[in-house]
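# Coordinates in review
Given next are the chains, with one letter for each unit.
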Amino acid sequence: MNVPCPHCSGSRLQIVLDGASKSLHCRDCGGRFNVPARSTDALYNIGYYFRNYTPRRELQLHQFRNYVTLLQEYGARGPVLDYGCGSGVLLEVLTEAGFEDSCGADVSVDALAVVKQKLGNRVTTIPLQRESFPDTKFGTICLMDSLSHIPDVEQVANRLVQENLAAGGTLLIRTPNITDSYFRLARLLKPIIGLRAYTKLTFADFRYVLFNDKNIRRFVKRLGCEILHEREEDEMLVYPPSRGIVSAGRTVVLKILQKRIPSMVILSRKQ
Ligand SMILES: [Zn+2]
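From a predicted model like this one, the values you see are computed outputs, not experimental measurements. All residue numbers here refer to positions counted from 1 along the written sequence of the relevant chain. Under the rules for a predicted model, residues below a pLDDT of 70 receive no local features and side-chain atom pairs below 80 are neither given nor counted, while totals for whole chains, interfaces and linings still include all residues.

### A few points about helix α6 (residues 180–201)
Runs of E in the DSSP output that reach at least two residues are strands. Runs of H or I that reach at least four are helices, and both are numbered from the N terminus. Take the residue count of a helix, subtract one, and multiply by 1.5 Å to get its expected span. Taking 1.5 Å of rise per residue, 22 residues should cover 32 Å, yet α6 covers just 13 Å from first to last C-alpha, more than 12% shy of that figure. Neighbour counting defines burial: a residue surrounded by 20 or more other C-beta atoms within 10 Å of its own C-beta is buried, one with 12 or fewer is exposed, and intermediate counts give partly exposed, using backbone-placed C-beta atoms. Buried within α6 we find Tyr 182, Phe 183, Ala 186 and Leu 201. Where α6 ends, the next residue or the one after it, Phe 203, has phi of about 55 degrees, a positive value.

### Focus on the sheet that holds strand β2 (residues 22–26)
Pairs of strands are assigned from DSSP output, requiring at least two bridges between the strands. Spatially, β1-β2-β3-β9 is the arrangement adopted by the 4 strands of the open sheet, whose pairing is antiparallel. Either end of the sheet is taken by a strand with one partner, and the two such strands are β1 (13–18) and β9 (209–210). As judged from the 5 bridges shared by β1 and β2, these two strands associate in the antiparallel manner. Bridging across to β2, Ile 15 finds its partner in Leu 24.

### Quick look at the environment of Ile 192
Of note, Ile 192 is situated in helix α6. It is 6.8 Å that separates the C-alpha atoms of Ile 192 and Arg 250, two residues lying 58 residues apart in sequence. Excluding anything up to four places from it in sequence, Ile 192 contacts Arg 250 and Val 253. Our contact criterion uses C-beta atoms placed from the backbone: two residues qualify when those atoms are within 7 Å.

### Points about helix α7 (residues 213–222)
Three or more residues of α7 are buried, namely Asn 215, Ile 216, Phe 219 and Val 220. All buried residues of α7 project into a common sector of 140 degrees when viewed along the axis, lining one side. Of the surrounding elements, those touching the buried residues of α7 are β8 (165–176), β10 (225–233) and β11 (263–270). Of the residues trailing α7, Gly 224 is marked for its positive phi of about 85 degrees. Our arc is simply the arc of the directions from the helix axis toward the C-beta atoms.

### Side note on the pairing of strand β7 (residues 138–144)
In terms of burial, β7 is a largely internal element, 6 of the 7 residues being buried. Two elements, strand β4 (residues 80–83) and β7, share 3 bridges in a ladder whose sense is parallel. By the bridge assignment for β7, Val 80 is matched with Thr 140. Pairing geometry for β7 and β8, over 6 bridges, is parallel. Bridge pairing links Thr 140 to Thr 170 in β8. Whether a crossover is right-handed comes down to one check: with the strands pointing away from the viewer, does the path from the first strand over the helix to the second run clockwise; if it does, it is right-handed. Each parallel crossover has a hand, and the one from β7 via helix α5 (residues 153–164) to β8 is right-handed.

### Notes on the packing of helix α2 (residues 57–73) against helix α3 (residues 89–96)
Angle between the axes and distance between the axes are the two parameters that describe a pair of packed helices. Fitted lines through C-alpha atoms give the axes, limited to the stretch in contact for helices. The angle between two N-to-C directions lies from 0 to 180 degrees. For the pair α2 and α3, interaxial distance at closest approach is 9 Å and the crossing angle is 50 degrees. It follows that α2 is oblique to α3 by the angle criterion. Crossing geometry of α2 relative to α3 is assigned as right-handed. Contact residues: α2 offers Gln 60, Leu 61, Phe 64, Arg 65 and Val 68, while α3 offers Val 89, Leu 90, Val 93 and Leu 94. The classification used treats Ala, Val, Leu, Ile, Met, Phe, Trp, Tyr, Cys and Pro as nonpolar, Asp, Glu, Lys and Arg as charged, and all other residues, Gly among them, as polar. Looking at the contact of α2 with α3 residue by residue, the classes come out as 7 nonpolar, 1 polar and 1 charged. Roughly parallel means an angle under 35 degrees; roughly antiparallel means over 145; roughly perpendicular covers 65 to 115; every other angle is labelled oblique. Rotating anticlockwise by less than a right angle from the far helix to the near helix defines a left-handed crossing, while the corresponding clockwise rotation defines a right-handed one.

Function cannot be inferred from these measures alone, as they are strictly geometric.
Here's what the structure looks like:
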């Protein structure tokens, strides 16, 4: 494999899943990534948001209110950029909390249309298909579950922090903590959960770079930010209702596995 590890530039790589794309594990830093990563952009049509986010809107609102409280506790300033804003739940909560002139950026024009419909001129939207990103300085930038979807994540995040985050500005990141022990457990349970669930739960498709609690800290430091607060919380996933004992048992196994990939929430400040 002549692709260097995106976390540490290491070259001691091991193929852990050889599917539509190869899932690679770096023996130097324990980082994971997928090559070639399949673009997620086409997935995010209006049906995607309806299927995936409508059932968990209450949970998402609850979590995002906690993050906005956290931002306030650390004196985060506006305007806020939500990079990968989806259908705009965080923007809604920010607006409700009094943050003005927030801005949502997303690859999905459908998602941005939903944001506009909900919040109108109270927020600005930026389609990420556009060649250039506006030269605006934000007091806060949020990346909620969007990092692993960004090709050239290091380059994109660096540009965002250097060019779009004000001095002393706040960076809030949420991304799943995907550790080696999690992968070992997932592999062990693969015969029970099946290849499809295994591929989904090991993020082998439709992601670029996977983070864990160690390499995310190094990543944030490389961006020139000091970590002020970090915590873990349950990943939010909604399971389809199971029918029959076998299916119910499988759902239980999936839930156990899910508990092992908590989301990391990291608040840092640009130095
Ligand atoms: Zn590495």
